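Each chain, written out:
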Amino acid sequence: MELRKDYFADVRKDGLHEIGQGRPRLDSPGHVTGKTAYFADRNFPGMLHLKMVRSPHHHARIRSIDTSEAEKHPGVVKVLTAKDVPHNVYTILILIQVGPEDETVLADGKVRWKGEAVVAVLAETERAAQEAAAKVKVDYEVLQAVFDMEEALKPGAPLVNEYHGQNYYLYDSGECRKVRFGEVEAGFAAADHILEQSYQSSPIEHAPTETTGCVVAPEGNDRFTCYTNTQAMFFTLDNASIILQMPGSKLHFVGGTVGGSFGGKVDVIVEPIAILAAKLTGRPVYFIYSREEEMQISSPRAAEKVVIKDGVMRDGRIVARKVTGYTDAGAYSRHSPYGAQKGAAHYPGPYTIPNVWIDTYCVYTNRTPSSAMRGFGVTIGDFALEVQMDKLARLIGMDPLEFRFINAYRDGDMKAHRQPTEGAALIECMQEASRAANWPVAEKYMAMSSYKKGA
Amino acid sequence: MSLALQTFSSVKDANAALQGAGARYLGGGTLVVRAANEGDVSISSLIRVDDPGLSQIAVSGGKVRLGASVTMAAIARHHELAALAPAARAVGGPAIRNMATVGGNLFAPAPYGDFAVALLALDATVVTEGGEMPIETFFADRDTSRAIVTAVNVTLPKAESFRFLKVSRVKPKGVSVLSIAALLQRAADGTVTSARIALGCMADRPMRALATEKALLGCKLTPQGIAPALAAAGEGIAPITDPIASAWYRAEVLPVHLGRLLLS
Amino acid sequence: MAKVPIQFTLNGSEKAEFVESGTTLLNALRDKIGDTSPKGGCHQGTCGACSVIIDGELWLSCLTLAETCGGAAIKTTAGLAEGGVLHPLQRAFLDAFATQCGFCTPGMIMAAKVLLDRTPNPSRDDVVEALSGNICRCTGYEPIIQAVLTAARANSQNAT
């Protein structure tokens, strides 16, 4: 590892003791000896296993639920449905006022995606829970479902969630997040070339080696200790507190040891129902996703569609960029309205473009609700932007790296969402990449600087 | 209720137990224990036979008798079974190969069952207490028969006449997109005089590529020579769709991989 | 619920317990005996996190019934370090940054140990093949492969 001290030499502090050094992780010795304690590496006497009964349909009304056979099954201690949940609203981002309250902990009257949680079965052994879960009878009236964002946005499409009233999240700005900068149509009119391309991604599953889960132990004083592999300890504690109508001081969360997550363990899904089960049974409760649940049920990175229309000059300047982004939230919002918003702030990318129009939509379909994953809201957008940049360079016969130098943002440039650029380093990164990849560019680009007063 | 395990010292004794509802035969466990883990509560008891005869490998006169409990690892390291080693090595990773049995592979539903694909091309016979049958008959009766497989008999091919290919997305080991086994006899001038070609993942169990076999007869293994065979590759196939690949994809790439195998 | 006896040696120490019939070796080791080093990542034999060594062979404990292991000699990663001294593989994993979240690590070490016990001087291809039943979602595998090759070199240096 080499620290290139010549970049930003006038503003850097040196004498770094840790940055740039290889340091062993504190938890590695535990990992190689098997001593690291993941949440499931704990055992509690009398522990109950929670198995979730899930919707087999993409979209259906629940006519009735009959848990009587399941409740009688040997080894079953409790069976929970929507009515047992004190505040049956599952709401990740309510704490930062992103909302909305469009999802339940256990389905109430309707299921909107295949795999939605309907009934929780608690039993002495995993096998007894599985057998009892098979005995739960749910009577569904199957409804028409929609799986494609464009279909979902057409008039007459099946309505995924009555809470919203339409198949997109309504921002305070309207049907999408909007950024308007300059005059795109004038920019397009003045451009030498126009390029409009559409980019698409499928949902991507994090597939951590350790599946999502928690163990909840009642402490005997109305307090519960929840051992969990959530990435979001305080989110989870606060949301559990809201869902259970229980003061946060009654909840003690132990975690931070996660067998991989990559954004897949921020949904606060398993803890509230497990804590409720521990409260209602007075016994420790273990709720862990099976591998199938981890792959199919747990939220993936949202599928996205990005349409980019650019106006570019022969000399390499992009003079107008219009981006329309669609995020497939699946059946419920979770983090997606926030993700689509992030996208709006991220486009048009690290480039200074005088005319920009951005619309980002958060769209509902009857797919598995999507959520956070490694830079969500931005990562797929970057794929789209950078492929577009390569195509533009090819269109005007320019080297793709040199093309980016011409358009790169620098300190002081106004971004499309009206924040001045600060701390830009794209130019320096590309100069280093040019060297490291042996992809030479013209001297004038190697002399450029992110400081506006430079070349 | 909890899963019960019954161990018998002979297949004869196990037969009665296997007739019970919810009883499944336990070989290496790679399919059956997996199903129980995944919540298949229709499995209530596992029946296994620890007769050491089931784990025997007997080679004589160019043929081998593989006991039903012989593992993929045992085949892969057997010095006289080099011809079968590529197919055995294609199954799972090292630990799976220590556990997975010949018998189990015969029952494995697509996308699994790569070794059984090889056995089909090799015209193996399957032995139960009731007698010996061609492997095609075994596959046809697989869903309904309750007979325990005790061994598989197969003629060992000459190295140059047997080819095997497993295609997976994950390298070096992963679940099959498809697998192909081809037993070809050729005349001195290289023309194909007989062909048995078996396909995996092109149905829910291994199947013969009969149209392809017919189209290869009298042809040389050159790009032009095999063209008719590749054109016929899709006849009779109903590939599976699963998280690995769609039926459409499997059908699209089958002639490509078949061509590569035949020209290799 | 029927209980059955299980009996085997674990890392050299004699174990005898009663478990529910049909209990996997993974669950017996973790829940009954208290060795949580093998992990349950998939319970279907595809991730390798549950890997243990039985009578010198690599085995998937999630697909093995505990009651079929009577008399076996079982080894897990938790038993590798002797008297607090790390096994060369454990040391190599630490030095090579071959562990991040750590969940695949015990299984990887089991697979690597079986390889090195049999093939003290493995090629890179040998290592990749030996680890082909173990999934890692964090490291991208390269540091793990390097760790195993380094441990092999250290072993051969010590042997001469």
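Conventions used here
Residues numbered from 1 in each chain as written. Chains lettered and ligands numbered in written order. Predicted model: local features only at pLDDT ≥ 70, side-chain atom pairs only at ≥ 80, totals over all residues. Heavy atoms only, no water. Helix = DSSP H or I, 4+ residues; strand = E, 2+ residues; numbered from the N terminus. Contact = heavy atoms within 4.5 Å. Areas by Shrake-Rupley, 256 points an atom, 1.4 Å probe, with all protein chains shown as cover. Lys, Arg positive; Asp, Glu negative; His and termini not counted. Charge placed at Lys NZ, Arg CZ, Asp CG, Glu CD. Buried < 20%, exposed > 50% of the residue type's maximum accessible area, 1.4 Å probe, protein only. Buried area = accessible area lost by both parts, 1.4 Å probe. Salt bridge = Lys/Arg side-chain N within 4 Å of Asp/Glu carboxyl O. Core = buried A, V, L, I, M, F, W, Y, C linked by side-chain atoms within 4.5 Å. Pairing = 2+ DSSP bridges. Axes fitted to C-alpha atoms, helices over the stretch in contact; angles between N-to-C directions. Polar contact = N/O pair within 3.5 Å; in protein donor to acceptor, adjacent residues only side chain to side chain. Nonpolar A, V, L, I, M, F, W, Y, C, P; charged D, E, K, R; others polar. Phe/Tyr/Trp six-rings, centres within 6.5 Å; stacked < 30°, edge-to-face > 60°. Lys NZ or Arg CZ within 6 Å of the ring centre and 35° of its normal. Parallel < 35°, antiparallel > 145°, perpendicular 65-115°, else oblique. Left-handed = near helix turned anticlockwise from the far one by under 90°.

Draft legend 1. Layout of the overall build of chain A. Scanning chain A from N- to C-terminus turns up 13 helices and 15 strands. Here the C-alpha coordinates of chain A stretch approximately 80 × 60 × 35 Å along the principal axes. Intrachain contacts of chain A at a sequence separation of at least 6 include 78% that bridge at least 24 residues. Accessible surface computed for chain A: about 19,500 Å², of which carbon and sulfur atoms make up 53%. Computing the positive centroid from 52 side-chain charges and the negative centroid from 57, chain A places the two 1 Å apart.

Draft legend 2. Seen up close, the overall build of chain B. The number of helices and strands found in chain B is eleven helices and twelve strands. When the backbone C-alpha atoms are referred to their principal axes, chain B occupies close to 60 × 45 × 30 Å. For chain B, buried positions account for 56% of its 264 residues. The long-range fraction of contacts in chain B, counting pairs at least 24 apart against all pairs at least 6 apart in sequence, stands at 59%. Roughly 11,000 Å² of accessible area belongs to chain B as shown, and the carbon and sulfur atoms make up 56% of that amount. A distance of 6 Å separates the average location of the 25 positive side-chain charges in chain B from that of its 20 negative side-chain charges.

Draft legend 3. A look at the interface of chain A and chain C. Opposite the 28 residues of chain A that make contact, chain C presents 27 residues. Summing the contributions of chain A and of chain C, the shared interface buries around 2,200 Å²; its carbon and sulfur component is 58%. Taken together, the links from chain A to chain C amount to two salt bridges. A salt bridge links C:Lys39 to A:Asp41; the shortest N-O distance between them is 2.8 Å.

Draft legend 4. Expanded view of unusual backbone geometry. All names here are of chain A. Following Tyr347, the chain continues to Pro348 via a peptide bond in cis, the omega torsion being 5°. For Pro348, the location among the structural elements is in the loop between helix 9 (336-346) and strand 15 (356-364). Positive phi outside glycine occurs at Asp222, with the angle close to 70°. Position of Asp222 relative to the elements: it lies in the loop between strand 9 (213-218) and strand 10 (224-228).

Draft legend 5. Highlighting the nonpolar core. Within the largest apolar cluster, 87 residues are counted, with the highest numbers of intra-cluster contacts made by B:Leu84, B:Leu106, B:Phe115 and C:Phe93. Excluding its chain neighbours within four sequence positions, the residues that come into contact with B:Phe115 are B:Leu66, B:Met72, B:Ile75, B:Leu84, B:Ala87, B:Ala88, B:Val91, B:Val102 and B:Asn105. Grouped together as the second largest cluster of nonpolar side chains are 54 residues, A:Val146, A:Val270, A:Ala274 and A:Phe287 included.

Draft legend 6. Examining the sheet that holds strand 13 (residues 303-312) of chain A more closely. Residue and element names in this part refer to chain A. Strand order in the open sheet formed by five strands is 7-15-14-13-8, and the pairing between neighbours is mixed. Every other strand in the sheet has two partners, leaving strand 7 (177-181) and strand 8 (193-201) as the edge strands with one partner each. Recorded for the sheet is a direction-independent mean angle of 10° between the axes of neighbouring strands. One ladder, built from nine bridges, connects strand 8 with strand 13; its direction is antiparallel. Bridging across to strand 13, Ser201 finds its partner in Glu304. Relative to the sheet, helix 10 (residues 379-396) contacts strand 8, strand 13 and strand 14 (318-330), its axis offset from that of strand 8 by approximately 150°.

Draft legend 7. Representation of the interface of chain C and chain B. At the junction of the two partners, chain C supplies 24 residues and chain B supplies 24 residues. Surface buried jointly by chain C and chain B totals about 2,000 Å² across both partners, of which 60% is contributed by carbon and sulfur atoms. Contact with chain B buries surface across chain C, with C:Gln44, C:Leu63 and C:Glu129 losing the most and accounting together for 26% of the total. Taken together, the links from chain C to chain B amount to ten residue pairs in polar contact (both at pLDDT 80 or more). Listed by contribution, the elements that provide at least two residues to the side of chain C that touches chain B are strand 4 (57-60) and helix 4 (124-130) of chain C. The element that contributes the greatest number of residues to the side of chain C that touches chain B is strand 4 of chain C, accounting for four residues. When grouped by side-chain class, the residues that make up the side of chain C that touches chain B number ten nonpolar, ten polar and four charged.

Draft legend 8. Main features of the sheet that holds strand 5 (residues 63-67) of chain B. Residues and elements named next belong to chain B. Reading across from one edge, 4-5-8-6-7 is the order of the five strands in this open sheet, with antiparallel pairing throughout. Where the open sheet ends on each side, the last strands, each with one partner, are strand 4 (57-60) and strand 7 (131-134). For this sheet the average axis-to-axis angle between neighbouring strands, irrespective of direction, equals 20°. Note: strand 6 (residues 125-128) against strand 8 (residues 149-155), four bridges, orientation antiparallel. For Val126, the partnering residue across the bridge sits in strand 8 and is Val152.

Draft legend 9. Here's a closer look at the pairing of strand 2 (residues 60-66) of chain A. Residues and elements named next belong to chain A. Looking at chain direction, strand 2 and strand 6 (residues 137-142) are connected through six bridges and run antiparallel. If you follow Ile65 over to strand 6, its bridge partner there is Val138. Here strand 2 runs beside strand 4 (residues 110-111); their pairing, made up of two bridges, is antiparallel. In the strand pairing of strand 4, Ala60 is matched with Val111.

Draft legend 10. Geometry of the environment of A:Thr421. Residues and elements named next belong to chain A. Residue placement: Thr421 occurs in the loop between helix 11 (400-407) and helix 12 (426-436). The exposure class of Thr421 is buried, given its relative accessible area of 3%. Along the sequence, Thr421 and Lys110 sit 311 residues apart, while their C-alpha atoms lie 47 Å from each other. With sequence-adjacent residues up to four places away left out, Thr421 is seen in contact with Tyr409, Arg410, Asp411, Gly412, Asp413 and Lys415.

Draft legend 11. The arrangement of the pattern of salt bridges in detail. In total, this model carries 45 salt bridges over all chains according to the counting rule given. Between A:Asp41 and C:Arg30 there is a salt bridge, with the nearest N and O atoms lying 2.8 Å from each other. Here A:Asp41 is found in the loop between helix 1 (28-33) and strand 1 (48-54), whereas its partner C:Arg30 is found in helix 1 (residues 25-33) on a different chain. When its relative accessible area of 13% is taken as the criterion, A:Asp41 is described as buried. Among the ionic pairs, B:Asp143 bridges to B:Arg205, the shortest N-O distance being 2.8 Å. Residue B:Asp143 is found in the loop between helix 8 (135-141) and strand 8, and its partner B:Arg205 is found in the loop between strand 11 (192-200) and strand 12 (207-208); the two are separated by 62 residues along the sequence. B:Asp143 sits in the exposed class, given a relative accessible area of 59%.

Draft legend 12. Summary view of the packing of aromatic side chains. Enumeration over the complete set of coordinates arrives at twelve aromatic pairs over all chains. Here A:Phe8 and A:Tyr451 contribute two aromatic rings whose centre-to-centre distance is 5.8 Å and whose plane-to-plane angle is 70°, an arrangement assigned as edge-to-face. With A:Phe8 in the segment before helix 1 and A:Tyr451 in the segment after helix 13 (443-446), this pair connects stretches of sequence that are 443 residues apart. The partly exposed category is assigned to A:Phe8, whose relative accessible area is 25%. A cation sits over an aromatic face here: A:Lys322 above A:Trp357, 5.2 Å from the ring centre. One Lys or Arg, B:Arg169, reaches over the ring of B:Tyr249 and ends 4.9 Å from the middle of that ring.

Draft legend 13. Geometry of the packing of helix 6 (residues 233-244) of chain A against helix 7 (residues 270-281) of chain A. Residue and element names in this part refer to chain A. Following both chains from N to C, one finds helix 6 and helix 7 inclined at 50°, their axes separated by 9 Å at the closest point. Between helix 6 and helix 7, the angle is such that the two are oblique. As for how helix 6 packs across helix 7, the hand of that crossing is right-handed. Across the interface between the two elements, Thr236, Ala240, Ile243 and Leu244 of helix 6 pack against Glu271, Pro272, Ile275 and Leu276 of helix 7. Residues of the contact of helix 6 with helix 7, tallied by class, amount to six nonpolar, one polar and one charged.

Draft legend 14. How the structure looks around helix 1 (residues 11-18) of chain B. Looking at helix 1 of chain B, one finds that the buried residues are B:Val11, B:Ala14, B:Asn15, B:Ala17 and B:Leu18. Its buried side turned inward, helix 1 of chain B meets strand 1 (4-8), strand 2 (23-25), strand 3 (45-49) and strand 8 of chain B.

Draft legend 15. Examining the side chain of B:Asn98 more closely. You can see B:Asn98 is positioned in helix 5 (residues 94-99). Here B:Asn98 is in contact with B:Thr71, B:Ala73, C:Glu57, C:Leu58 and C:Trp59, once residues within four sequence places are set aside.

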